[in-house]
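Structural description and commentary
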Amino acid sequence: MTVTKGFPEGFLWGGATAANQCEGAYNVDGRGLANVDVVPIGPDRFPIIAGKKKMFDFEEGYFYPAQDSIDMYHHFKEDIALFAEMGFKTYRLSIAWSRIFPKGDELEPNEKGLQFYEDVFKECRKYGIEPLVTITHFDCPMHLITEYGGWRNRKMLEFYERLCRVLFTRYKGLVTYWLTFNEINMILHAPFMGAGLYFEEGENEEEVKYQAAHHELVASAIATKLAHEIDPENKVGCMLAAGQYYPHTAHPRDYWEALKEDRENYFFIDVQSRGEYPNYAKKKWEKLGIEVSMTEEDRSLLKEHTVDFISFSYYSSRVASGNPEVREKTEGNIFASIKNPYLEASEWGWQIDPLGLRITLNAIWDRYQKPMFIVENGLGAIDIPDENGYVVDDYRIDYLRQHIAAMRDAIVEDGVELLGYTTWGCIDLVSAGTGEMKKRYGFIYVDRDNDGKGSLKRSKKKSFDWYKQVIASNGADLD
Ligand code: P53
């Protein structure tokens, strides 16, 4: 494949993981219990993640895959060496808050937790890999939930600020790219995972969610302020679970519905990037009788400390309909939408739409005109390894090839500004949505199954060499 003009020089190719989905070692070196530890695999997972079923500790009869996960805590040198072999320019990872502050409200951090991430960042730097750090990826110390109710409580601002100050100070010079909250809009769909929210009977759930969202948005502004104060080199981004909505038909009411759905997602980024609550949100709250308490100081923090760049995950576009009779939904996703009849789907029912990535990139660019970063994209699939752990994952190569081509078109043909691209789960890890190990995204296979059995041995898939060549050619060679 030849391209006349391709990816910009210095484009940050890499892969992404999240602490709770790969580290394991949930109780090692002083780490405290977190919400992400107590979400089991199985049918209760969705209601727990959604804050509908209470699970505040490990219970008999359940399996909790995050406890050990792929034990990257003890394998990080081997894993980062493999990322380096693929030529990664960047590696996105997240901090487990409860390694740094085991309960969350302590005044002094846990040195062993801090040392762990310092070792990880130094290992990345050794290979010239730029760390891209998510401060919180669906991650909240359990004590902050049992004692304070999670992000519904304003006290969280103080705890989060303390965490950020410690991170920015300790890792100054080692880390410059930061993301404040993973998929901040997920708070509306998975509030226990996104914000440590559990709902009591009869509560106004929407009001609690938007109040918690306000706290996260202010916390994000405080983090941005601090990051810039501590090191002017720091660049802070927000993070959206993206995927543009299409109207189901050309009927105006379908278009109107799609616009409203998009606004529900962009609401968060409108605040983080433009610095104020949009009128449509204020009107929506008014209509629903939602009162979000906020101070003048909150408003000025939001206004003055907007993000430097916009990052997002993209797995699929979505569909909206204003016709109540159109109800056929996509499967396997806490963030389900109406089914798009024009698209194929993965084994988990996630619809595949590479052009949708180009559309989403353009929509975000048109809305904010800030540099973007695609920090998650990929195909969750069942892999069948041979006796050496080798997987011929042509389906994954195909998915990534098409999405990278769409991204190139957005840059080359449309002129969007994109800093980099990190594929999700560059090494196989635990699925956030389902808790399965079987839903794999990696270039690197890990021998572990849904029940936690396996040697944890790492091996390269076919896509490993393919992605290596993509990076080496700076995206010119996708064959
Ligand atoms: P899994 C749903 C919809 C969009 C993004 O998801 C989502 C989810 C959660 O299922 O989450 C992001 O593992 C998230 C990652 C997650 C990844 O997508 O369910 O940031 O933590 O692993 C893929 O296949």
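Residues numbered from 1 in each chain as written. Predicted model: local features only at pLDDT ≥ 70, side-chain atom pairs only at ≥ 80, totals over all residues. Heavy atoms only, no water.

You'll find the chain entered in an unreviewed UniProt entry as 6-phospho-beta-glucosidase, with Streptococcus azizii given as the organism. For the chain, the Sequence similarities (unreviewed entry) comment in UniProt is given as "Belongs to the glycosyl hydrolase 1 family." (UniProt positions renumbered as here; feature names shortened; annotations may be inferred.)

1. As for the overall build of the chain
On a plain count of helices and strands, the chain comes out with 15 helices and 12 strands. Viewed in the frame of its principal axes, the chain has a C-alpha envelope of about 55 × 55 × 50 Å. Within the chain, contacts between residues at least 6 apart in sequence are counted, and of these 76% link residues at least 24 apart. Carbon and sulfur atoms make up 49% of the accessible area of the chain, which amounts to about 18600 Å² in all. Once the 56 positive and 76 negative side-chain charges of the chain are each reduced to a mean point, those two points are 2 Å apart. (Helix = DSSP H or I, 4+ residues; strand = E, 2+ residues; numbered from the N terminus. Contact = heavy atoms within 4.5 Å. Areas by Shrake-Rupley, 256 points an atom, 1.4 Å probe, with all protein chains shown as cover. Lys, Arg positive; Asp, Glu negative; His and termini not counted. Charge placed at Lys NZ, Arg CZ, Asp CG, Glu CD.)

2. Observations regarding helix H5 (residues 111–126)
Along an α-helix, a turn takes 3.6 residues, which lines up residues three or four apart on a common side. For H5, built from 16 residues, the straight-helix expectation of 22 Å at 1.5 Å per residue is met to within 8% by its first-to-last C-alpha distance of 22 Å. Burial in H5 covers these residues: Gly113, Leu114, Phe116, Tyr117, Glu118, Val120, Phe121, Glu123 and Cys124. On the buried face of H5, the contacting elements are helix H1 (19–22), helix H3 (72–86), strand E2 (90–94), helix H4 (97–100), strand E3 (130–136) and helix H7 (156–170). Looking one or two places after H5, you find glycine 128, whose phi comes out positive at around 70°. (Expected span 1.5 Å × (residues − 1). Buried < 20%, exposed > 50% of the residue type's maximum accessible area, 1.4 Å probe, protein only.)

3. Some thoughts on the site of the ligand
Near the ligand lie 18 residues; those nearest to it are Gln21, Glu376, Ala432, Lys439 and Tyr441. The contact in question runs from an oxygen atom of the ligand to an N or O atom on the side chain of histidine 137, over 2.8 Å. One of the side-chain nitrogen or oxygen atoms of tyrosine 315 is found 3.3 Å away from an oxygen atom of the ligand. Summarising the interface, the protein chains cover 98% of the accessible area of the ligand, which totals 470 Å² for the free molecule. Taken together, the residues of the shell around the ligand break down into 9 nonpolar, 6 polar and 3 charged. (Near = heavy atom within 4 Å. Polar contact = N/O pair within 3.5 Å; in protein donor to acceptor, adjacent residues only side chain to side chain. Nonpolar A, V, L, I, M, F, W, Y, C, P; charged D, E, K, R; others polar.)

4. Points about the sheet that holds strand E1 (residues 12–16)
Spatial strand order, E1-E2-E3-E4-E5-E7-E9-E10: 8 strands in a closed barrel with parallel pairing. Within this sheet the neighbouring strands show an average axis-to-axis angle of 25°, counted without direction. Note that strand E4 (residues 177–181) and strand E5 (residues 235–242) share 3 bridges and pair parallel. Within E5, the residue paired with leucine 179 across the bridge is glycine 237. (Pairing = 2+ DSSP bridges. Axes fitted to C-alpha atoms, helices over the stretch in contact; angles between N-to-C directions.)

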